[in-house]
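# Structural features, examined
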Amino acid sequence: MLAVFWAEEGGLPANDRGLAYGDGLFETILMVGVRGTLVGYHLDRLVRDAGRLGIPVTRAEVQDVYARAASHYGSARADTHWVLKLILTRGAGGRGYRPDPEMTPNLLVSASAAPPGIPSDGVTVAYSRIPLTINPLFAGIKSLNRLEQVMAAKELSGDVFEVLQSSREGDLVEGTRTNLLLHTTEGWITPPRASLAVAGVMRDWVLERLEARGEIVIERPLLAEDVTGPGCRAFYLLNSVLGVVTVRNLAGQDLPVDSGLATICDPLETLE
């Protein structure tokens, strides 16, 4: 059983565990009218990661809510780009951290305008002072616990589009809202899935596309010198709403710009 709440009708109850403890997870889906991008990837991840947290929800349940939301919000938006957000929590009730095993999960559904388009000549990126601490048990889950990203995002100013967060060891892990992909003379390099705070669906899809084309894809720790060194062909940020974003400048250093990946990996190709 899944309790569905529509944001414009009042939202979640005040004693919801997602509000109290960040006990839940979320998805943001780029929509065009009533159709969505990477829908299967998003819904599969939501159900899979809910299972990791012990939140009982089925694929059929979230598919049904998605279809209702696409029609509910998308019918009035025609060919307009917008964003559908699904917030799944363990449920409401109780006091203290220990959840009631009989609790009914809550799903909050909302819609918002899509962000503006990204400059085709690339964006400027900086380093964040806020490190990422990844608990191996929760690596990759797009949970409601995003305080490190919130604090890092406060560093955004001027023309800086994104800030990159590092592990305690100094490896580049991800941006506040993006995964990282570097094209080098040895192949495509991306931080290992197990090291990520959020394993993005755009990341999964792009890597699948590259591997299907016979490209060399390497998952290993990514260092700043990999990006700024002579082997760099292009550096990209990946986000399912923003798509493939080319980085033209990192912390004051100009990087090679190649928009080819955005051409072969456009999430609008996946509209369904």
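In the block above lies the structure referred to throughout.
The following paragraphs examine the structure supplied in this document. It should be emphasised that the depicted structure is a prediction, and the values quoted were computed from it without experimental measurement. (Residues numbered from 1 in each chain as written. Predicted model: local features only at pLDDT ≥ 70, side-chain atom pairs only at ≥ 80, totals over all residues. Heavy atoms only, no water.)

Inspection of every chain in the model, using the stated rule, returns four aromatic pairs. Taken together, the aromatic side chains of Trp6, Tyr73 and Trp82 make up a single cluster linked through ring pairs. Between arginine 77 and the ring centre of tryptophan 82, over which it is positioned, the NZ or CZ distance is 5.1 Å. Its end group placed over the ring of phenylalanine 26, lysine 85 keeps NZ or CZ at 5.0 Å from the ring centre. (Phe/Tyr/Trp six-rings, centres within 6.5 Å; stacked < 30°, edge-to-face > 60°. Lys NZ or Arg CZ within 6 Å of the ring centre and 35° of its normal.)

Take helix H5 (residues 201-212) next. Spanning 12 residues, H5 covers 16 Å between terminal C-alpha atoms, matching the ideal 16 Å at 1.5 Å per step. The positive-phi residue at the C-terminal boundary of H5 is glycine 214, with phi of around 85°. (Helix = DSSP H or I, 4+ residues; strand = E, 2+ residues; numbered from the N terminus. Expected span 1.5 Å × (residues − 1).)

This part covers the side chain of aspartate 204. Secondary-structure assignment places aspartate 204 in helix H5. Within polar-contact distance, the side chain of aspartate 204 engages the side chain of arginine 193 at 2.9 Å. In contact with aspartate 204, not counting residues within four places along its chain, are Tyr41 and Arg193. (Polar contact = N/O pair within 3.5 Å; in protein donor to acceptor, adjacent residues only side chain to side chain. Contact = heavy atoms within 4.5 Å.)

On a regular strand, each side chain points to the face opposite its neighbour's, so the side chains alternate between the two faces of the sheet. Where strand S1 (residues 3-6) lies against strand S5 (residues 106-113), four bridges are found, and the strand directions are parallel. In the sheet register, alanine 3 faces S5, and the bridge partner there is asparagine 106. (Pairing = 2+ DSSP bridges.)

Moving on: the sheet that holds strand S3 (residues 35-36). Across the sheet, which stays open at both edges, the five strands sit in the order S1-S5-S4-S2-S3 with mixed pairing between neighbours. Each having just a single partner strand, S1 and S3 make up the two edges of the open sheet. Here eight bridges tie strand S4 (residues 81-89) to S5, and the two strands are oriented antiparallel to one another. Residue pairing across strands places valine 83 opposite serine 112, the latter belonging to S5. Of the strands in this sheet, strand S2 (24-32), S3 and S4 are in contact with helix H2 (residues 39-53), which crosses S2 at around 175°. (Axes fitted to C-alpha atoms, helices over the stretch in contact; angles between N-to-C directions.)

A separate point is the pattern of salt bridges. When charged atoms on two side chains of opposite charge get close, those side chains can pair. Applying the stated criterion across every chain, the model contains 14 salt bridges. With its nearest N and O atoms 3.1 Å apart, the salt bridge here joins glutamate 155 to arginine 129. In this pair, glutamate 155 sits in the loop between helix H4 (147-153) and strand S7 (160-166) while arginine 129 sits in the loop between strand S6 (123-127) and H4, placing the two residues 26 residues apart along the sequence. Of the residues examined, arginine 129 reaches a relative accessible area of 71% and is grouped as exposed. Among the salt bridges present, the one from glutamate 186 reaches arginine 220, with a minimum N-O distance of 3.5 Å. (Salt bridge = Lys/Arg side-chain N within 4 Å of Asp/Glu carboxyl O. Buried < 20%, exposed > 50% of the residue type's maximum accessible area, 1.4 Å probe, protein only.)

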